[in-house]
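# Structural overview
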Amino acid sequence: MDIPKLLKDKKILTLIIFLTVSVFLIVFKGIDYGIDLSGGTVIVLKAEKPMTDEELQLTVDIIEKRLNANGLSDITVYPRGNDEIIVMIPNSSDTERIIKVLEHQGVFEAKIDNVTAYTGKDVKLVEPPTKIPQGDGWAYGVPFELTLEGAKKFAEVAKDKAYHKVELYMDGKLISAPVLSPDLADGRPHPKQVITVGSYPPTKDEIDEAMAIYSALKSGALPVKLDIEYTYAVSSEFGKEFLKGTVIALILAFIAVGIIVSVRYKQPKIAIPILITCLSEIIIILGFASLIDWKLDLPSIAGIIAAVGTGVDNQIVITDEALKRGAGKIRASIKRAFFIIFASAATSIAAMLPLFVLGVGMLKGFAITTIAGVLIGIFVTRPAFARIVEEMFKKF
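What you see is a predicted model; the values in this text were computed from it and never measured.

It is worth spelling out the sheet that holds strand S4 (residues 108-112) at this point. As summarised here, the arrangement of the 4 strands in space is S5-S4-S9-S10, forming an open sheet in which the pairing is antiparallel. What marks the edges here is a single partner per strand, and that holds for strand S5 (115-119) and strand S10 (173-176). If you compare each strand with its neighbour and ignore which way they point, the axes differ by 40° on average. Packed on one face of the sheet, helix H7 (residues 204-219) meets S4, strand S9 (166-170) and S10 and runs near 80° to S9.

Encoded structure:
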């Protein structure tokens, strides 16, 4: 083979560029792992009744918004069946605060003398918990703003009831009962309101409670009542052992593929480009995962293995076609091989798209890495491998 000539080929250069960028990303940006590999906590939420697909999606969206409002974006939320929601929390997150957030249904109601003054549906804007003036001192709470209709409703109920208590309920639990000041009982709309949870400075429990109220008001009430069915911890030791086992399995798989290909074609040198291509695909897929901040979990690793397995099949198709046709028709034979490869890739991607689009739990990771692996293969590694085969077999 003319190595210098190959290194100048645009298909080989494309592979080298992708490999270089991927290695750079892996080394300097790193790879994140899901809790099944890095450890964490899994919380299983049980609905009081089966939910429709729309209710499931709405519930997942609301929970994600609540957790994001608390700065907890590294958490995975997905439905299981039609009456369970799974929340996966990494070790780095505040599990106690998350549990408090999840315990709130989000049904908010304000009453004066047992008459509803407004509800969560009347809330227009919610501000993060903060320090609030209260008499001669300071309190800690959640400021919010009512809609015009909500403010009018509150004005009617509060009129002439200065110094009466405004009882604020979250999910039926009394969370605050401030005294109505005279300037809010004049019968005019006052959109600005506040929920106090304690004096300032707040305790950790008061901070967690305020954040739970803030996130519940900001995201709205859940469509179905959820209870925490059970929680369990995932050991990071399991993930380390699995990763170690995966590396050993890949090395053994590489050796097995090398032996089988060498025996099949009676030329050990054919196995070298196949193994290099497989290794390149793994590195580029990992680089892609690092680029998009995708957390690698067990299904994701299964997707990588599936994509690389498909890659070996494709490389054997290219090699067989090249040997079958001979040197004179090698370009035509490789084109025929790529027709088969593109058809196979299309069916693989079509099979994975529903899992990717619908985001069915952890299977989304399997879909993403499989699709990424297939696309990287047909546009980057397979063309480079075909060019190597063409150069290698041109004298056959």
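On to helix H8 (residues 236-265). Between its first and last C-alpha atoms H8 spans 43 Å; for 30 residues at 1.5 Å apiece the expected length is 44 Å, and the two agree. For H8, the complete set of buried residues consists of Gly239, Thr246, Gly258, Val261, Ser262 and Tyr265. Directly beyond the C-terminal end of H8, a positive phi value near 55° is found at Lys266.

Okay, the pairing of strand S8 (residues 137-146) next. Along S8, 8 of the 10 residues are buried, which leaves the element largely enclosed by surrounding structure. Of the strand pairs in this sheet, strand S6 (residues 123-126) and S8 are connected by 3 bridges, and their pairing is antiparallel. In the sheet register, Val126 faces S8, and the bridge partner there is Phe144. Where strand S7 (residues 130-134) lies against S8, 5 bridges are found, and the strand directions are antiparallel. Paired with Gln134 across the two strands is Gly137, which belongs to S8. Linking two consecutive strands that pair antiparallel, namely S7 and S8, is a turn of 2 residues; a positive phi of about 60° is found at Gly135 within it. Relative to strand S11 (residues 192-199), S8 is paired through 7 bridges, and the arrangement is antiparallel.

Thresholds applied
- Residues numbered from 1 in each chain as written.
- Predicted model: local features only at pLDDT ≥ 70, side-chain atom pairs only at ≥ 80, totals over all residues.
- Heavy atoms only, no water.
- Pairing = 2+ DSSP bridges.
- Helix = DSSP H or I, 4+ residues; strand = E, 2+ residues; numbered from the N terminus.
- Axes fitted to C-alpha atoms, helices over the stretch in contact; angles between N-to-C directions.
- Contact = heavy atoms within 4.5 Å.
- Expected span 1.5 Å × (residues − 1).
- Buried < 20%, exposed > 50% of the residue type's maximum accessible area, 1.4 Å probe, protein only.

Taken by themselves, the reported measurements are silent on function.
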